[in-house]
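Here are the chains, one letter per residue:
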Amino acid sequence: MTTIVTALNELLKWELTSIDQYTRNAAFYDDWGYTKLHERIAHEADDERGHAQLLIDRIIFLGGKPNMNDRYEVTNEVDVAAMLASDLTLELNNAKALKKNIALCEAERDFVSRQILVQILKDTEEDHAYWLQQQLRLIETLGLELYLQAQLG
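A closer look at the overall build of the protein
Here's step 1: Each helix and strand counted, the protein has five helices and zero strands in total.
Here's step 2: Going residue by residue from the N terminus, the α and β elements of the protein occur as α-α-α-α-α.
Here's step 3: With the C-alpha coordinates of the protein rotated into their principal frame, the extents come out at 50 × 25 × 20 Å.
Here's step 4: Counting every position in the protein, which comprises 153 residues, the buried fraction comes to 42%.
Here's step 5: Long-range pairs, those at least 24 residues apart, make up 82% of the contacts in the protein with a sequence separation of at least 6.
Here's step 6: For the protein, the distance from the average site of its 15 positive side-chain charges to the average site of its 26 negative ones is 7 Å.

What about the packing of aromatic side chains?
Here's step 1: Under the definition given, this model contains four aromatic pairs.
Here's step 2: Geometrically, the ring pair formed by Trp 14 and Tyr 72 is stacked, given 3.9 Å between the ring centres and 25° between the ring planes. Of this pair, Trp 14 sits in helix H1 (residues 2–32) while Tyr 72 sits in the loop between helix H2 (35–61) and helix H3 (80–108); the two residues are 58 residues apart in sequence, bridging distant segments of the chain.
Here's step 3: Owing to a relative accessible area of 11%, Trp 14 belongs among the buried residues under this scheme.
Here's step 4: Judged by its relative accessible area of 27%, Tyr 72 is partly exposed.
Here's step 5: On the numbers, 6.4 Å between centres and 75° between planes, the contact of Trp 32 with Tyr 34 is edge-to-face.
Here's step 6: By relative accessible area, which is 30% here, Trp 32 ends up partly exposed.
Here's step 7: Aromatic ring contacts, followed pair by pair, group Phe 28, Tyr 29, Trp 32 and Tyr 34 into a single cluster.
Here's step 8: Between Lys 13 and the ring centre of Tyr 72, over which it is positioned, the NZ or CZ distance is 4.2 Å.

Concerning the side chain of Ser 18
Here's step 1: Mapped onto the elements of the fold, Ser 18 is located in helix H1.
Here's step 2: In this structure, Ser 18 is in contact with Glu 48 and Leu 90, ignoring residues within four places of it in sequence.

Focus on the side chain of Asn 9
Here's step 1: In this fold, Asn 9 is placed in helix H1.
Here's step 2: Take Asn 9: its relative accessible area is 15%, and that puts it in the buried class.
Here's step 3: Filtering out sequence-adjacent residues up to four positions away, Asn 9 remains in contact with Ile 59, Lys 65, Pro 66 and Asn 67.

Details of unusual backbone geometry
Here's step 1: A positive phi angle, close to 60°, is found at Arg 109, a residue other than glycine.
Here's step 2: Here Arg 109 is to be found in the loop between H3 and helix H4 (111–142).

Let's talk about H3
Think of an α-helix as 3.6 residues a turn; residues three or four steps apart then line up on the same face.
Here's step 1: With 29 residues, H3 extends 42 Å from end C-alpha to end C-alpha; this agrees with the ideal 42 Å at 1.5 Å per step.
Here's step 2: Sitting at the head of H3, Asp 79 places a side-chain oxygen 3.3 Å from the backbone nitrogen of Ala 81.
Here's step 3: Immediately beyond the C-terminal end of H3, within one or two residues, lies Arg 109, with a positive phi of roughly 60°.

The rules behind the values
Residues numbered from 1 in each chain as written. Predicted model: local features only at pLDDT ≥ 70, side-chain atom pairs only at ≥ 80, totals over all residues. Heavy atoms only, no water. Helix = DSSP H or I, 4+ residues; strand = E, 2+ residues; numbered from the N terminus. Buried < 20%, exposed > 50% of the residue type's maximum accessible area, 1.4 Å probe, protein only. Contact = heavy atoms within 4.5 Å. Lys, Arg positive; Asp, Glu negative; His and termini not counted. Charge placed at Lys NZ, Arg CZ, Asp CG, Glu CD. Phe/Tyr/Trp six-rings, centres within 6.5 Å; stacked < 30°, edge-to-face > 60°. Lys NZ or Arg CZ within 6 Å of the ring centre and 35° of its normal. Expected span 1.5 Å × (residues − 1). Polar contact = N/O pair within 3.5 Å; in protein donor to acceptor, adjacent residues only side chain to side chain.

Written out as structure tokens, the structure is:
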């Protein structure tokens, strides 16, 4: 099970990074007055906290220790389009890591961990990444000014 614990800690690193990046970006959106964007990104941070909790609980159940210290680098983007693109990159990298570790769980015959990772992957691809792709398409289609106008409260 140490292989699975190591893998879950790797995935925890992605979730903790996502929490940090979404929290940072939500604070900027709030400061800039983009209420709708702030609410959605703050919600994404909450979703990531839920994912992190699932991983933490499973790591502890398996007799491991959750590594709460490691993170990937949080971007320093300060314009909306670049921030959304960076968030999308983070989600796509997380999805790639999830898929790799779902296969590991199958090989190790840990179907409970696999089930947890499949649910996180579903949220990552079908909710988070999909929504971010939509926003970037809207910016491309409408232009940044109209997009931002729609994000005001």
